[in-house]
Amino acid sequence: MEKNSFEKTSQKSSAFLKATVLPGARAVTVQRHNGMVQTDCDWLAEEVPVALIYNGVSHVVMMATPQELSLFALGFSLAEGIAASPQDIYDIEERKGPRGIEVHIELAGRAFEALKQSRRNLVGRTGCGVCGTEQIEHVCRPLPMLPFTQRFPLAALDSCLEQLHERQKLGQQTGCTHAAAWLSPTGTVLGQCEDVGRHVALDKLLGLRAQEDWRDGAALVTSRASYEMVQKAAQCGVEILFAVSAATSLAVDTAAQYGVSLVGFSRPRRATVYTHPERLDEAARSI
């Protein structure tokens, strides 16, 4: 009996592995308890240490899902002000090791000199924003007020939310990833990225946006909006940021200061606009 049960589980596991394989997911055998104990197969989102190394110097180690790491490196560099534009990055190379992944970034000389002046070594946990910052004054960077060039009809948000749900394949399979997406004002999700870390998901999206040169539209994150996510958006010139969950008080203050239109509780037929509502066309949304 035990042998037959084991054989059935092995056959099921084999079929499970062959049926669906997504980058960033790993299959495991689990026990499910729902009135009875059952051996089953499940998927986990991968989480590995990723070191970003600029011109041979390690700058940061973040826990991330090991896919789209070139986008992560590009987006992080832009969002942290390390690179002023994608042209400051000459090359990105991934090197896998036994304990994690190194992403080597070849940075322009002037940008690397500026980085060395302010460089800080840090090890970030999932979603960590300020680990390693030495002074309180360094938490909120001084940035110019964003221009008001964008408008977004809230009627388009409902369609985008539905599309994003359908496109979150890794999240649907594992149940533990965040997503960040770029939305067009016409109600189309132009692209999205997923990661176990909400900050990393946003960095990947900002890298994708820079790579695709998307200008019109807004960013959407499937998490709360904290100040550093607003800061990343502002640093990259994103004028409108939607969050599925709430915003923190510092996020609202930061958005007001930088000129970001910050929207929380972004759900079908719902939205809470915290700052700069003039970019959002609420009249077009049905209630």
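Reference entry: report on the structure contained in this document. This structure is a prediction, so every number in the text was calculated from the model and none was measured. (Residues numbered from 1 in each chain as written. Predicted model: local features only at pLDDT ≥ 70, side-chain atom pairs only at ≥ 80, totals over all residues. Heavy atoms only, no water.)

**A look at the overall build of the protein chain**
Check the secondary structure of the protein chain and you find eight helices and 15 strands. In the protein chain, which comprises 287 residues, the share counted as buried stands at 47%. Looking at the protein chain as shown, the accessible area adds up to about 14300 Å², and 51% of this sits on carbon and sulfur atoms. (Helix = DSSP H or I, 4+ residues; strand = E, 2+ residues; numbered from the N terminus. Buried < 20%, exposed > 50% of the residue type's maximum accessible area, 1.4 Å probe, protein only. Areas by Shrake-Rupley, 256 points an atom, 1.4 Å probe, with all protein chains shown as cover.)

**Considering the sheet that holds strand β14 (residues 270-273)**
Taken in spatial order, the six strands make up an open sheet running β10-β9-β11-β12-β13-β14, and their pairing is mixed. The open sheet has two edge strands, β10 (189-195) and β14, and neither has a second partner. Between one strand axis and the next, the sheet turns by 20° as a mean value, whatever way the strands run. With three bridges joining them, strand β12 (residues 240-243) and strand β13 (residues 261-267) adopt parallel strand pairing. When the sheet's bridge partners are listed, Ile-240 is paired in β13 with Ser-261. Sheet contacts for helix α4 (residues 155-167): β9 (178-183), β10, β11 (218-221), β12, β13 and β14; angle to β10, the most-contacted strand, approximately 45°. (Pairing = 2+ DSSP bridges. Axes fitted to C-alpha atoms, helices over the stretch in contact; angles between N-to-C directions. Contact = heavy atoms within 4.5 Å.)

**Structural notes on the packing of aromatic side chains**
Enumeration according to the criterion identifies two aromatic pairs in this entry. Arranged with centres 6.0 Å apart and planes meeting at 65°, the rings of Phe-72 and Phe-76 form a pair that is edge-to-face. Of the two residues, Phe-72 and Phe-76 both sit in helix α2 (residues 69-79), four residues apart, roughly one turn of that helix. Just as Phe-72 is buried, Phe-76 falls in that class too. (Phe/Tyr/Trp six-rings, centres within 6.5 Å; stacked < 30°, edge-to-face > 60°.)

**Quick word on unusual backbone geometry**
For residues other than glycine, phi is negative in most cases, and the peptide bonds are mostly trans. For Arg-269, which is not glycine, the phi dihedral falls at a positive 60°. Phi is positive for His-276, which is not a glycine, with a value near 45°. Among the structural elements, His-276 can be located in the loop between β14 and β15 (280-281).

**Describing the packing of α2 against helix α6 (residues 198-212)**
As a packed pair, α2 and α6 sit with axes 7 Å apart at the nearest point and diverge in direction by 90°. Between α2 and α6, the interaxial angle falls into the category roughly perpendicular. Note on element contacts: α6 touches α2 through Val-200, Asp-203, Lys-204, Leu-206, Gly-207, Leu-208, Ala-210 and Gln-211, opposite Leu-71, Phe-72, Leu-74, Gly-75, Phe-76, Leu-78 and Ala-79. Partitioned by chemical class, the residues of the contact of α2 with α6 number ten nonpolar, three polar and two charged. (Parallel < 35°, antiparallel > 145°, perpendicular 65-115°, else oblique. Nonpolar A, V, L, I, M, F, W, Y, C, P; charged D, E, K, R; others polar.)

**A few points about the side chain of Ser-184**
Structurally, Ser-184 is set in the loop between β9 and β10. Accessibility expressed as a relative area gives 8% for Ser-184, which makes it buried. Ignoring any residue separated from it by four or fewer positions in sequence, one finds Ser-184 in contact with Phe-152, Cys-160, Leu-190 and Gly-217.

**Considering the nonpolar core**
Counting residues in hydrophobic clusters, the biggest one holds 55 residues, and the most contacted among them are Leu-52, Tyr-54, Leu-107 and Leu-262. A total of eight residues in this core trace back to one element, the largest contributor, which is α2. Counting 17 residues, the second-largest nonpolar core is a separate cluster that includes Phe-152, Leu-154, Val-189 and Ala-218. (Core = buried A, V, L, I, M, F, W, Y, C linked by side-chain atoms within 4.5 Å.)

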